[in-house]
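Observations on the model geometry
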Amino acid sequence: MTCHNYKDLMMGYLDNELTDEQKKQFEEHLSGCPECAGELEEFRKLKAITDEVTLVEPEDRIWQDYWNSVYNRIERSVGWIVFSVAAILLTIYGGFKLIEDIIKDATVGMLLKVGLLALIAGLAILFVSVLRERLHFWQKDRYKDVRR
Amino acid sequence: MTSVCQEEITAMRRCRRGSPEAFEVFVNRYMKNAYFIALGLVGNREDAMDLSQEAFIRAYRNIKHLKPDRKFFPWFYQILKNLCISHLRKRRYRQTSSLDAENCPEPAATTDCFSPEVVAERNELKDKVWQAIGKLDNKHREVIILRHFQNMSYEQIAEALYCNKGTITSRLYYARKRLEELLGTGKGGCINDMP
């Protein structure tokens, strides 16, 4: 094994993660390799410096309110979903009724009726097209099962 | 940290049935880990608090996708990490855009938000270490955070990152090498002389 192969053992040695056997193997290497011994010493200094850094703990009341905050956000997000679904349904229903009334209204000119129907047909085509494209890409996406 | 206890199994069953109250078990158990990991990844207290809470909300919404035999924390960690990385990306984009608007040729560092004010019992050396950690790549920073600030074992880190222990030791090696470079703790480095 070259010194490069010992880098994993060096990290394990530094962090006390080695088995007794691995520890012995690494110490044997260290005794005959001043380069690795020097590198280990540098890492020890770095670890000592890094271990000294601790982060400011937020106040107790932040932790006491933490769950409430998460719960309220969960509840609110459910509220938004219900609200959005209801708004979409009502808009579709209202739109449908409005169009129905316009089509049935004899006083409305034929040109407006045809224009309105064309507008709806155009929107429907666009919607189906985008939906089909998305579905097609999703089925062909080789990375869809990759954990992100 | 990652052992699946009966309390978690029961809570997970209740969450799957749509009880948000049952999710409190997970939040209370992992909120501090979540906050400090997010703080280590994004470097800013307010963002860390918001992202950690958002990660719990997303975890609750998607808990049905977590297989019953899988542990909660490694799965949750992936959600939190992805949120933090996405946040950093947006922050970098915003900084670059605002600089472009001012015709500034130098893009801002993503780690500008690694303010040393989050460090406890501050001194010059600790401030430098924290800012150097902020300059590491995401994959190197996360192993340093999990090892040094969360005191996680290699096995726990490997489990959280869905990789093997060899990858963790290798990343730690290169992360520490990079930290040495940034801090000048290597041979002849000036920080060696500091108390």
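Residues numbered from 1 in each chain as written. Chains lettered and ligands numbered in written order. Predicted model: local features only at pLDDT ≥ 70, side-chain atom pairs only at ≥ 80, totals over all residues. Heavy atoms only, no water.

**Some points on the overall build of chain A**
Keep this limit in mind: Helix numbers and strand numbers start at the N terminus; a helix is a DSSP run of H or I with at least 4 residues, a strand a run of E with at least 2. In this description the radius of gyration comes from C-alpha coordinates, and the expected globular size is given by 2.2 Å times residues to the power 0.38. Using a 1.4 Å probe on the protein chains alone, a residue whose accessible area is under 20% of its type maximum counts as buried, one over 50% counts as exposed, and one in between counts as partly exposed. Contacts were defined at the residue level, with two residues in contact if any of their heavy atoms lie within 4.5 Å. Methods summary: accessible areas were calculated by the Shrake-Rupley approach with a probe of 1.4 Å, and residue burial reflects only the protein chains presented. Within this scheme the basic residues Lys and Arg register as positive and the acidic residues Asp and Glu register as negative, but His and the chain ends are omitted. In plain terms, the charge of a residue is placed at NZ if it is Lys, CZ if Arg, CG if Asp and CD if Glu.
Along the backbone of chain A there are five helices and zero strands. Scanning chain A from its N terminus toward the C terminus, one meets helices and strands in the order α-α-α-α-α. Relative to its length of 148 residues, chain A is extended, with a C-alpha radius of gyration of 34 Å against a globular reference of 15 Å. Projected onto its principal axes, the C-alpha positions of chain A cover 100 × 45 × 25 Å. Buried residues in chain A amount to 25% of all 148 residues. At a minimum sequence separation of 6, the contacts of chain A that also span at least 24 residues come to 33%. As displayed, chain A offers around 11100 Å² of accessible surface, 62% of which is attributable to carbon and sulfur atoms. In chain A, 19 positive and 24 negative side-chain charges are present, and the distance between their average locations comes to 13 Å.

**Observations concerning the environment of A:Val70**
Here A:Val70 is to be found in helix 4 (residues 60-104). Setting aside chain neighbours within four positions, we find A:Val70 in contact with B:Val27, B:Gln53, B:Phe56 and B:Ile57.

**Quick notes on the environment of A:Lys7**
Looking at the secondary structure, you find A:Lys7 in helix 1 (residues 7-14). It is 8.7 Å that separates the C-alpha atoms of A:Lys7 and A:Cys36, two residues lying 29 residues apart in sequence. Excluding anything up to four places from it in sequence, A:Lys7 contacts B:Ser170, B:Tyr173 and B:Tyr174.

**With respect to helix 5 (residues 124-134) of chain B**
We count it as follows: Here a polar contact is taken to be a pair of N or O atoms separated by no more than 3.5 Å, where protein atoms must pair a possible hydrogen donor with a possible acceptor and residues adjacent in sequence count only if both atoms sit in side chains.
With respect to burial, helix 5 of chain B is a largely interior element, eight of its 11 residues being buried. Check the buried side of helix 5 of chain B and you find it contacts helix 3 (34-52) of chain A together with helix 2 (24-42), helix 6 (138-149) and helix 8 (165-183) of chain B. For helix 5 of chain B, the capping residue at the N-terminal end is B:Asn123, with a side-chain oxygen 3.1 Å from the backbone nitrogen of B:Leu125.

**Considerations on the interface of chain B and chain A**
This is how it is decided: When two parts are put together, the accessible area they lose, computed with a 1.4 Å probe and summed over both, is reported as buried area. A carboxyl oxygen of Asp or Glu within 4 Å of a side-chain nitrogen of Lys or Arg is what we treat as a salt bridge.
Chain B puts 55 residues into the contact, and the matching count from chain A is 36 residues. Contact between chain B and chain A buries roughly 4400 Å² in total, counting both sides, with carbon and sulfur atoms accounting for 64%. Considering only the surface of chain B that becomes buried against chain A, B:Gln53, B:Tyr173 and B:Arg176 emerge as the three largest contributors, covering 13% of it. For the pair chain B and chain A, the number of links is seven salt bridges. Two residues, A:Glu57 and B:Lys32, come together in a salt bridge whose shortest N-O distance is 3.2 Å.

**Observations regarding the packing of aromatic side chains**
Residue and element names in this part refer to chain B. To be explicit about the condition: By convention, a stacked pair of Phe, Tyr or Trp rings (six-membered ring in the case of Trp) has centres within 6.5 Å and planes under 30 degrees apart, an edge-to-face pair has planes over 60 apart, and any other such pair is tilted.
This model, assessed by the stated rule, comprises 23 aromatic pairs over all chains. Measuring from ring centre to ring centre gives 6.2 Å for Phe 23 and Phe 56, while their planes differ by 75 degrees; the resulting arrangement is edge-to-face. One end of the pair, Phe 23, is in the loop between helix 1 (6-16) and helix 2; the other, Phe 56, is in helix 3 (residues 45-61), with 33 residues separating them in the sequence. By relative accessible area, Phe 23 is classed as buried at 0%. In this structure Phe 56 comes out as buried when scored by relative accessible area, which is 0%.

**What to know about the environment of B:Asn151**
If you trace the backbone, B:Asn151 turns up in the loop between helix 6 and helix 7 (154-161). If near-sequence neighbours (up to four positions away) are discounted, B:Asn151 is found in contact with B:Leu146 and B:Gln156.

**As for the pattern of salt bridges**
Residue and element names in this part refer to chain B. Under the criterion given, the structure shown has 23 salt bridges over all chains. Residue Asp 47 is joined to Arg 91 by a salt bridge in which the shortest nitrogen-to-oxygen separation is 3.7 Å. Note that Asp 47 is positioned in helix 3 and Arg 91 in helix 4 (residues 72-101), a separation of 44 residues in sequence. For Asp 47, a relative accessible area of 22% corresponds to the partly exposed category. Residue Glu 142 pairs with Arg 171 through a salt bridge whose shortest N-O separation is 3.7 Å. Within this pair, whereas Glu 142 is found in helix 6, its partner Arg 171 is found in helix 8, the two being separated by 29 residues in sequence.

**Here we look at the domain arrangement of chain B**
All names here are of chain B. Cut-off, in case you're wondering: These domain boundaries are the output of an automatic or database domain assignment.
You can read the domains of chain B as domain 1 (1-112) and domain 2 (114-185). With 23 residues of domain 1 in contact, the opposing surface of domain 2 contributes 19 residues. Interface area, domain 1 with domain 2, both sides summed: about 1900 Å², of which 54% is carbon and sulfur. Inspection of the region where domain 1 meets domain 2 yields three salt bridges. The partner of Glu 159 in a salt bridge is Lys 71, with the nearest N and O atoms 2.9 Å apart. Between the two partners, domain 1 and domain 2, sit eight residue pairs in polar contact (both at pLDDT 80 or more). Taken together, the elements giving at least two residues each to the side of domain 1 that touches domain 2 come down to helix 2 and helix 4. Take the side of domain 1 that touches domain 2: its biggest share by element is eight residues, from helix 4.

**Overview of the packing of helix 5 of chain B against helix 6 of chain B**
Residue and element names in this part refer to chain B. How we decide: All axes here are fitted lines through C-alpha atoms, helices being fitted over the stretch that makes contact, and every angle between N-to-C directions spans 0 to 180 degrees. Should an angle fall under 35 degrees it is called roughly parallel, over 145 degrees roughly antiparallel, and 65 to 115 degrees roughly perpendicular, with every other angle called oblique. Only Asp, Glu, Lys and Arg are considered charged in this grouping, and only Ala, Val, Leu, Ile, Met, Phe, Trp, Tyr, Cys and Pro are considered nonpolar; every other residue, Gly among them, is considered polar.
Here helix 5 crosses helix 6 at 140 degrees, and the two axes come no closer than 9 Å. Taken together, the axes of helix 5 and helix 6 are oblique relative to one another. Here helix 5 contributes Trp 130, Ile 133 and Gly 134 to the contact with helix 6, which in turn contributes Arg 141, Ile 144, Ile 145 and Phe 149. Considered class by class, the residues forming the contact of helix 5 with helix 6 number five nonpolar, one polar and one charged.

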